[in-house]
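# Tertiary structure, described
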Amino acid sequence: MKRLLLRIDLSNRTHDIEEIPNEIIKKYVGGRGLGAYLLYRFVPPKANPLGEENHLIFTAGPANGTGMYYSSKVNINTKSPLTGIYLYAISSGIVAHTMRQAGFWAIDVRGIAESPTYLAIDNHQVQFKDASALWGLETAEAQKRMLEDLSLAKAATVGIGPAGEHLNPYAALFTDGALYRCFGRGGGGAVMGSKNLKGMVISGDSHVKAVDEEKLKEVNREVARLLKTEFKGWAESWRRYETCSDLESMNELGMLPTRNWQTGQFEGWQGIDKSTTPMGWPEKGRACGPYCPTPGCREVEVKDGPYQGAHSDIEWETVYGFGTSCGVDKMEAVIAAGQICDEYGVDTITAGVTIGFAMECFEKGLIHEKDT
Ligand code: SF4
């Protein structure tokens, strides 16, 4: 089986496909290792993260597409506009799975498109599509419109929102449309925006075979057994609360990042805890990617009050970013903030902790009303 890298040049509107040598796959284990290798190979040390020389590299790993449990992760690899150094960020969803079905372990995007563009990748075919009408749209709407434009009912999608277009250094890259899966950290969305690239649609129809299919089934059976026995308690808690299960214990241990880390305990933690949320915690979670035996993602909607109608997928990162870090004890407000970040295409962690930092600066007189 060939391991292929799709190389796309936005400046020249060209693409080519190269084979990734087996020794590279073996040496740099998984999508993260492969991405770091490719970034090192392609991006010169002094490259401007928002300039033509930077690359945005999507990588999958050997498990993606094979049916292995929990193989939903995909990586982006680039030079970060936030830190100026190597960035890798991951998202769950169907992107890596579909990349493998299209025949690729990696998709490397370089250059800058002359005008707003989105990429339509169908197996080994690549089209450069006009995205002028999509520029300015929120992340999920943009992905939906790309699918409509291509008359596709379903495919893997990636998109940025206005934050990425405006080169916000912590703009994120979103995937899987209204599920708002996200490559959160480090400004990958701004790198995409700097390339005049609004998003990508990927579809593929090849069957991805594991090297040893019987062994893979055996491993999956063992994982399923463990989730019913030794890890039953963890599995039940994860399906019910996923990353939001530990607020109380973290508070007790003094590890809850509160008011820009001024303290590790938050007196208002119950206002943003899953068990006390006034909207009620949805009973059933959903899988955000293929082959997940513990589906725990869930969207929570505010039913009444000043934030009525706000909805977002509540994760621990958003709860501490906009909750404890900012001293906010209302789940409804956290949900509304999460929705704004999802739609504009911003990383909720960085947005929340930056606001928490600014709040402390304000309290200490380092910034004033005119700065806000
Ligand atoms: S639902 Fe949760 S456990 Fe399942 S793939 Fe998504 S993030 Fe992972």
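Heads up: the structure comes first, above all this text.
So, a few notes on the structure that sits alongside this text. Here the residue numbering is sequential within each chain, running from 1 through the sequence in written order. Whole-chain, interface and lining totals are the exception, using all residues; otherwise, since this is a predicted model, local features are given only for residues with pLDDT of at least 70 and side-chain atom pairs are given and counted only at 80 or more. Only heavy atoms go into the side-chain values, all of them from the structure, while hydrogens and water stay out.

## With respect to the pattern of salt bridges
Here a salt bridge means any side-chain nitrogen of Lys or Arg lying within 4 Å of a carboxyl oxygen belonging to Asp or Glu. With the rule as written, the count across this model stands at 21 salt bridges. Residues Arg110 and Asp9 are paired through a salt bridge, measuring 3.7 Å at the closest nitrogen-oxygen approach. Taken together, the residues span a long stretch of sequence, with Arg110 in strand β6 (residues 104-110) and Asp9 in strand β1 (residues 4-9) at a distance of 101 residues. A relative accessible area of 9% means that Asp9 is categorised as buried. The helix count covers DSSP runs of H or I at least four residues long, the strand count covers runs of E at least two residues long, and both are numbered beginning at the N terminus. Relative accessibility under 20% of the residue-type maximum defines a buried residue, over 50% an exposed one, and the middle range a partly exposed one, all with a 1.4 Å probe and only protein chains included.

## Notes on empty space enclosed by the protein
Definitions used for this entry: grid spacing 1 Å over protein atoms alone; cavity, a set of points where a 1.4 Å probe fits but cannot get out; pocket, an open set with protein on both sides within 12 Å along at least 5 of 7 lines; lining residue, one with an atom within 4 Å of a point. Grid points are joined across faces, edges and corners, and a volume is the space filled by probe spheres set on the points. Under the counting rule described, the total for this entry stands at 3 cavities of 30 Å³ or more. Roughly 50 Å³ of volume is contained in the largest cavity. If you go around the largest cavity, the residues you meet are Thr243, Cys244, Leu247, Ile272, Asp273, Lys274, Trp281, Trp316, Val319 and Met331. For the lining of the largest cavity, the class distribution of residues is 7 nonpolar, 1 polar and 2 charged. Estimates place the volume of the second largest cavity at around 40 Å³. As for the second largest cavity, its lining consists of Tyr241, Glu242, Thr243, Cys244, Trp281, Gly296, Cys297, Arg298, Asp313, Ile314 and Glu315. The nonpolar class holds Ala, Val, Leu, Ile, Met, Phe, Trp, Tyr, Cys and Pro. Asp, Glu, Lys and Arg form the charged class, and all remaining residues, Gly among them, are polar. Among the residues forming the lining of the second largest cavity, the class breakdown is 5 nonpolar, 2 polar and 4 charged.

## Examining the packing of aromatic side chains
Two descriptors summarise a pair of aromatic rings, namely the distance from one centre to the other and the angle between the planes of the rings. A pair of Phe, Tyr and Trp rings is counted when the ring centres sit within 6.5 Å of each other, with Trp represented by its six-membered ring. The angle between the planes then sorts it: under 30 degrees is stacked, over 60 is edge-to-face, the rest tilted. Tallied over the entire structure, the rule returns 5 aromatic pairs. Geometrically, the ring pair formed by Tyr28 and Tyr37 is stacked, given 4.9 Å between the ring centres and 25 degrees between the ring planes. Given a relative accessible area of 27%, Tyr28 falls into the partly exposed group. Between Trp316 and Tyr320, the aromatic rings sit 5.0 Å apart at their centres with planes inclined by 40 degrees, giving tilted as the arrangement. With Trp316 and Tyr320 both in helix α10 (residues 316-323) and 4 residues apart, this pair spans about one turn of that helix. Here the two residues Trp316 and Tyr320 agree in accessibility, since each one is buried. Lysine and arginine charges are scored as sitting over a ring when NZ or CZ, respectively, is within 6 Å of the ring centre and within 35 degrees of the ring normal. Over the ring of Phe42 we find Arg7; its NZ or CZ atom is 3.8 Å from the centre of that ring. In this structure, Lys198 is placed above the aromatic ring of Trp135, and the distance from its NZ or CZ to the ring centre is 5.9 Å.

## Thoughts on the sheet that holds strand β5 (residues 86-91)
Two strands make a pair as long as DSSP finds a minimum of two bridges between them. Within the open sheet, the 6 strands sit side by side as β2-β1-β6-β3-β4-β5. Their pairing is mixed. Sheet topology places β2 (14-19) and β5 at the edges, where each strand pairs with a single neighbour. Adjacent strand axes in the sheet meet at a mean angle of 20 degrees when their direction is disregarded. When β1 meets β6, the two strands line up parallel, connected through 6 bridges. Within β6, the position partnered with Ile8 by the bridge is Val109. By definition in these notes, contact holds between two residues if any of their heavy atoms fall within 4.5 Å. Lines fitted to C-alpha atoms define the axes here, with helix axes fitted over just the stretch in contact, and angles between the N-to-C directions of these axes take values from 0 to 180 degrees. The sheet strands contacting helix α3 (residues 95-102) are β3 (55-59), β4 (74-79) and β6, and the helix crosses β6 at an angle near 100 degrees.

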